[in-house]
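# Structural overview
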Amino acid sequence: MPKYNLNINGKPQSIEASADTPLLWILRDHLDMVGTKFGCGIAQCGACTVHVDGTAARSCSLPVASAEGKEITTIEGLSEDGSHPVQKAWKEVDVPQCGYCQAGQIMTASAFLAQNSNPSEAEIKNAMHGNICRCAAYNRIQKAVEIAAGNME
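These numbers come from a predicted model, not from an experiment.

Conventions adopted
Residues numbered from 1 in each chain as written. Predicted model: local features only at pLDDT ≥ 70, side-chain atom pairs only at ≥ 80, totals over all residues. Heavy atoms only, no water. Helix = DSSP H or I, 4+ residues; strand = E, 2+ residues; numbered from the N terminus. Buried < 20%, exposed > 50% of the residue type's maximum accessible area, 1.4 Å probe, protein only. Contact = heavy atoms within 4.5 Å. Areas by Shrake-Rupley, 256 points an atom, 1.4 Å probe, with all protein chains shown as cover. Lys, Arg positive; Asp, Glu negative; His and termini not counted. Charge placed at Lys NZ, Arg CZ, Asp CG, Glu CD. Core = buried A, V, L, I, M, F, W, Y, C linked by side-chain atoms within 4.5 Å. Salt bridge = Lys/Arg side-chain N within 4 Å of Asp/Glu carboxyl O. Pairing = 2+ DSSP bridges. Axes fitted to C-alpha atoms, helices over the stretch in contact; angles between N-to-C directions.

In terms of helices and strands, the chain carries seven helices and five strands. Going from N to C terminus, the chain has its helices and strands arranged as β-β-α-β-β-α-β-α-α-α-α-α. A principal-axis box enclosing the C-alpha atoms of the chain has dimensions of 45 × 30 × 25 Å. Relative to its full complement of 153 residues, the chain shows a buried share of 46%. For the chain, the share of sequence-separated contacts (at least 6 apart) that also reach a separation of at least 24 residues comes to 55%. Only carbon and sulfur atoms are counted for the fraction: they give 47% of the accessible area of the chain, which is about 7,800 Å². Each charge class in the chain was averaged separately, 12 positive and 16 negative side chains, and the resulting centres sit 5 Å apart.

In structure tokens, the structure reads:
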């Protein structure tokens, strides 16, 4: 089985897996990083969102072979103590209901705000559009993204 050298949350990881194994299963099954969730398995819901070289990516459809040599950040690596502006805004607004989609929502929002720290309401809606929340907390998610935008450095 091939070996892949990954950089996850700033730490080198060496993984043996089939080339087509989704990064999601490497994170969850090989590295016990279970903050990244399985939602749909077809890159449509956003629960599995991580950052790959700073861009939001769906880990359920990203083969481990294509993640080699890239900077991968999971929800566990966004901040050690929950101090990232998006995480703080999520707490302030009390966004989660069931919480299942929230890691993916936070990872999408943080990648978006890193690129656009002063977004319009329409830009926030567009950026967050692909992340599904079964609890329909969309208004609170949007409010938290707005607050986080005001606190980005």
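Let's pick the thread back up.
Our next topic: the nonpolar core. Ranked by size, the top nonpolar core spans 24 residues in total, and within it Val86, Trp90, Leu113, Ile141 and Val145 carry the most contacts. Within the residue set of this core, elements represented by two or more residues are α3 (75-78), α4 (85-93), α5 (102-115), α6 (121-128) and α7 (138-151). Beyond its immediate stretch of four places on either side in the chain, Trp90 contacts Val95, Pro96, Gln102, Gln105, Ile106, Ala109, Ile141, Ala144 and Val145. Listed in part, the 17 residues of the second largest apolar core include Tyr4, Met33, Val50 and Ala57.

Attention now moves to the pattern of salt bridges. As enumerated under the stated definition, the model contains one salt bridge in all. Close ionic contact of Lys125 with Glu121 constitutes a salt bridge, the shortest N to O distance being 3.2 Å. Note that Lys125 and Glu121 are positioned in helix α6 at a spacing of four residues, about one turn of the helix. The exposure class of Lys125 is partly exposed, given its relative accessible area of 45%.

Next up on the list: the sheet that holds strand β3 (residues 49-52). Strand order in the open sheet formed by five strands is β2-β1-β5-β3-β4, and the pairing between neighbours is mixed. Of all the strands in the sheet, just β2 (11-16) and β4 (55-58) have a single pairing partner and so form its edges. Taken over all neighbouring pairs, the strand axes of this sheet differ in orientation by 40 degrees on average, direction set aside. Strand direction decides the pairing type here: strand β1 (residues 3-8) and β2, joined by six bridges, are antiparallel. Note that in β2 the partner of Leu6 across the bridge is Gln13. In this fold α5 packs onto β3, β4 and β5 (71-73), with an angle of close to 35 degrees to the strand it touches most, β3.

Let us look at unusual backbone geometry. Comment: phi is negative for the bulk of residues other than glycine, and the bulk of peptide bonds are trans. One non-glycine residue, Asn9, adopts positive backbone phi at about 55 degrees. Within the secondary structure, Asn9 is located in the loop between β1 and β2. Note on Asn9: relative accessible area 21%, which makes it partly exposed. The phi dihedral of Ala43 is positive, around 60 degrees, even though this residue is not glycine. Looking at the element boundaries, Ala43 is found in the loop between α1 (23-30) and β3. Given the relative accessible area of 23%, Ala43 is considered partly exposed.

Relative to β4, β3 runs antiparallel, the two sharing four bridges. Within β4, the residue paired with Val52 across the bridge is Thr55. As consecutive antiparallel partners, β3 and β4 are separated by two residues, and within that stretch Asp53 has a phi angle of approximately 50 degrees, a positive value.

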